[in-house]
Amino acid sequence: QVQLVESGGGLVQAGGSLRLSCAASGRTFCRDAMGWFRQPPGKEREFVAAITWTAGLNYYADSVKGRFTISREKAKNTVYLQINRLNPEVTTVYYCAGGRIARDRAESYDLWGQGTQVTVSS
């Protein structure tokens, strides 16, 4: 069974940057889409970015365009999310997900990591 493990979260000052990683391990990974979602406490999970594994096509939520960059490294079965110019917000958990199609709805993905927490200080 394939598992997704996120890493790279932590405490960052407003306006700063960090890089999240999502590594896939286990059985052969058959999904062609990898996505990142965020979920503040008490709120719904929201789409951030997605990438197709084969072609490397990127998709972004309008709110993060120009600040976030998604990429993948095939040899390491890893997808990254570079986050720049962070806004001061409540602590948020970022989740990595795998699916067949790069869409902006959580229902489109059937494989999820446990999340990594990002806290922005002002």
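Residues numbered from 1 in each chain as written. Predicted model: local features only at pLDDT ≥ 70, side-chain atom pairs only at ≥ 80, totals over all residues. Heavy atoms only, no water.

Section: the nonpolar core
Reasoning step 1: Core analysis: the largest hydrophobic core is formed by 33 residues, its most contacted members being Trp36, Leu81 and Tyr94.
Reasoning step 2: Those elements giving two or more residues to this core turn out to be strand 3 (18-25), strand 4 (33-39), strand 5 (46-52), strand 7 (68-73), strand 8 (78-83), strand 9 (92-99), strand 10 (109-112) and strand 11 (116-121).
Reasoning step 3: With five residues, the single largest contributor to this core is strand 5.
Reasoning step 4: Once residues within four sequence positions are removed from consideration, Tyr94 is found in contact with Glu6, Leu20, Trp36, Phe37, Arg38, Val48, Phe68, Leu81, Ile83, Gly115, Thr116 and Val118. (Core = buried A, V, L, I, M, F, W, Y, C linked by side-chain atoms within 4.5 Å. Buried < 20%, exposed > 50% of the residue type's maximum accessible area, 1.4 Å probe, protein only. Helix = DSSP H or I, 4+ residues; strand = E, 2+ residues; numbered from the N terminus. Contact = heavy atoms within 4.5 Å.)

Let's talk about the state of the cysteines
Reasoning step 1: Counted according to the given criterion, the structure contains one disulfide.
Reasoning step 2: Covalent S-S linkage joins Cys22 and Cys96, the inter-sulfur distance amounting to 2.0 Å. One disulfide, between Cys22 and Cys96, carries an S-S torsion of -80 degrees and so falls in the left-handed class. Within this pair, whereas Cys22 is found in strand 3, its partner Cys96 is found in strand 9, the two being separated by 74 residues in sequence.
Reasoning step 3: We classify Cys96 as buried; its relative accessible area is 0%. (Disulfide = S-S within 2.5 Å.)

Some details on the sheet that holds strand 3
Reasoning step 1: Strand order in the open sheet formed by four strands is 1-3-8-7, with antiparallel pairing between adjacent strands. Here the strands that pair on one side only, and so sit at the sheet edges, are strand 1 (3-7) and strand 7. Averaged over all neighbouring strand pairs, the angle between strand axes comes to 15 degrees, with direction disregarded.
Reasoning step 2: Pairing analysis gives five bridges linking strand 1 to strand 3, with the strands arranged antiparallel. (Pairing = 2+ DSSP bridges. Axes fitted to C-alpha atoms, helices over the stretch in contact; angles between N-to-C directions.)

Quick notes on the packing of aromatic side chains
Reasoning step 1: For the coordinates displayed, the defined rule picks out four aromatic pairs.
Reasoning step 2: Ring geometry for Phe37 against Phe47: centres 5.6 Å apart, planes inclined by 75 degrees, an arrangement best described as edge-to-face. Of this pair, Phe37 sits in strand 4 while Phe47 sits in strand 5, and the two are 10 residues apart along the sequence.
Reasoning step 3: The interplanar angle of 80 degrees and the centroid separation of 5.3 Å between the aromatic rings of Phe37 and Tyr109 together place this pair among those described as edge-to-face. With Phe37 in strand 4 and Tyr109 in strand 10, this pair connects stretches of sequence that are 72 residues apart.
Reasoning step 4: Under the relative-accessibility criterion, Tyr109 is labelled buried at 5%.
Reasoning step 5: One aromatic cluster in this structure is built from Phe37, Phe47, Tyr109 and Trp112.
Reasoning step 6: Sitting over the ring of Tyr80, Arg19 keeps its end group 4.3 Å from the ring centre. (Phe/Tyr/Trp six-rings, centres within 6.5 Å; stacked < 30°, edge-to-face > 60°. Lys NZ or Arg CZ within 6 Å of the ring centre and 35° of its normal.)

No statement about biological role is implied by the geometric values presented.
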